[in-house]
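Chains, contacts and geometry: an overview
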Amino acid sequence: MSKPVSLSRYLVEEQRLHGKIPAQLRLLLEVVARACKGISHAVNKGALGDVLGSAGSENVQGEVQKKLDIIANEVLIEANEWGGHLAAMASEEMDSIYVVPNRYPQGEYLLLFDPLDGSSNIDVNVSIGTIFSVLQKTDSQAVSEHDFLQSGASQVAAGYCVYGPQTMLVLTVGDGVMMFTLDREQGSFVLTQENVQIPQDTQEFAINMSNMRHWAAPVKRYVDECLQGQEGVRGKNFNMRWIASMVADVHRILMRGGIFMYPWDQREPNKPGKLRLMYEANPMSWLVEQAGGAATNGHQRILDIQPTQLHERVSVILGSKNEVDRVTAYHAD
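Residues numbered from 1 in each chain as written. Predicted model: local features only at pLDDT ≥ 70, side-chain atom pairs only at ≥ 80, totals over all residues. Heavy atoms only, no water.

1. Points about the packing of helix α5 (residues 246-256) against helix α6 (residues 277-290)
Viewed as axis vectors pointing N to C, α5 and α6 meet at an angle of 10 degrees, and their least axial separation amounts to 11 Å. The orientation of α5 relative to α6 falls into the category roughly parallel. Of α6, the residues touching α5 (which contributes M246, V247, V250 and L254) are E280, M284, L287 and V288. Within the contact of α5 with α6, the residues separate by chemical class into seven nonpolar, no polar and one charged. (Axes fitted to C-alpha atoms, helices over the stretch in contact; angles between N-to-C directions. Helix = DSSP H or I, 4+ residues; strand = E, 2+ residues; numbered from the N terminus. Parallel < 35°, antiparallel > 145°, perpendicular 65-115°, else oblique. Contact = heavy atoms within 4.5 Å. Nonpolar A, V, L, I, M, F, W, Y, C, P; charged D, E, K, R; others polar.)

2. Quick notes on the packing of aromatic side chains
One pass over the full model with this rule turns up three aromatic pairs. Where W242 meets F260, the ring centres are 5.7 Å apart and the plane angle is 15 degrees; that geometry is what we call stacked. Of this pair, W242 sits in the loop between β12 (239-240) and α5 while F260 is found in strand β13 (residues 259-262), placing the two residues 18 residues apart along the sequence. When its relative accessible area of 1% is taken as the criterion, F260 is described as buried. Among the aromatic residues, ring-to-ring pairing joins W242, F260 and Y262 into one connected group. Here the guanidinium or amino end of R221 rests over the ring plane of Y330, the centre of that ring lying 3.7 Å away. (Phe/Tyr/Trp six-rings, centres within 6.5 Å; stacked < 30°, edge-to-face > 60°. Buried < 20%, exposed > 50% of the residue type's maximum accessible area, 1.4 Å probe, protein only. Lys NZ or Arg CZ within 6 Å of the ring centre and 35° of its normal.)

3. Here we look at helix α4 (residues 217-227)
Listing the buried residues of α4 in full gives P218, V219, Y222, V223, E225 and C226. All buried residues of α4 fall inside an arc of 155 degrees around its axis, so they share one side. In this structure, α4 carries A217 and L227 as exposed residues pointing more than 90 degrees from its buried face. Where the residues of α4 are buried, they touch β11 (204-206), β13 and α7 (321-332). Remark: G229 follows α4 within two positions and exhibits a positive phi of approximately 65 degrees. (Arc of directions from axis to C-beta.)

4. What to know about the sheet that holds strand β8 (residues 167-172)
The strands that make up a sheet are held in pairs by hydrogen bonds between backbone atoms, and each pair lies either parallel or antiparallel. Within the open sheet, the eight strands sit side by side as β4-β3-β5-β6-β7-β8-β9-β10. Their pairing is mixed. Two strands close off the open sheet at either side, each with one partner strand: β4 (98-99) and β10 (188-193). Pairing geometry for strand β3 (residues 86-91) and β4, over two bridges, is antiparallel. Residue pairing in the sheet places M89 in a bridge with Y98 of β4. Lying on the sheet, helix α3 (residues 67-80) is in contact with β3, β4, β5 (109-117) and β6 (128-136); it crosses β5 at an angle near 155 degrees. (Pairing = 2+ DSSP bridges.)

5. Quick word on the environment of V196
In this fold, V196 is placed in the loop between β10 and β11. Through-space distance from the C-alpha of V196 to that of A281 is 19 Å; in sequence the pair is 85 residues apart. Sequence-distant contacts of V196, that is, excluding residues within four places in its chain, are made with V177, M179, L254, Q290 and A291.

Structure follows, in structure tokens:
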């Protein structure tokens, strides 16, 4: 039997043998993985660790924060601020960027994260996760919010950790998508799936059907055709899946295909969408593309969008390529 490959070994080989990642980026990803292990332990404790329920505060988005939202945010900051590989961090839970304090050396990378995606599922013990994205600082001047406003195509690493029946870390450094499972006995992430590929066709879609009356016509058209089943224009039956945790929904798509949609709707017509471009859409879109899928906002590739603000929102349609292309074509029509 071949020996298990740990995350550390995989990253070292990507650096040393394949020249894919610099040493500082390797160290950064190892620290992020350790932070995710800490978050996983907190999630697993649940009520025993007094981590369930609301924290009684709101984030910059005006959303009520859960205790675990704040805990996860603090874990990621404290783990990453002192290593010397980061210049600054940005989080869905913070108003502005967090610059590495002067008492620590500053590195050349920028870390963005959604510390705990799917917060509405925390108290009911449904899968949640952490999403992260890494950019390289391009300006030699003091770091500012402007440094973060790079398109998703500029990412140098992206991934997520899903806290479900198993804790899994899913990662890309631009060389395909790799999945690592946390071995709790050994305390390390172990490579369990290489070069993940999303089937181009699917019979599953994920969308919040309760918002149907608010959708734009192209999205209604697509979902209506799916619901018509074998007797309809698509000539096949579809199943609907919706976990209300982007990490869990995207993980299912990476494992067996499907399409995930969180589109613009008429409730807040001036907002381009609900999900955050830089903390959720960009890292997930890169993972999906690296696995052979596609990701658009209905009109253009998500990774080509030039952000103009730190907490910018976007419509998201991602997953199996042929289905994403179909929905995007309906928008063009």
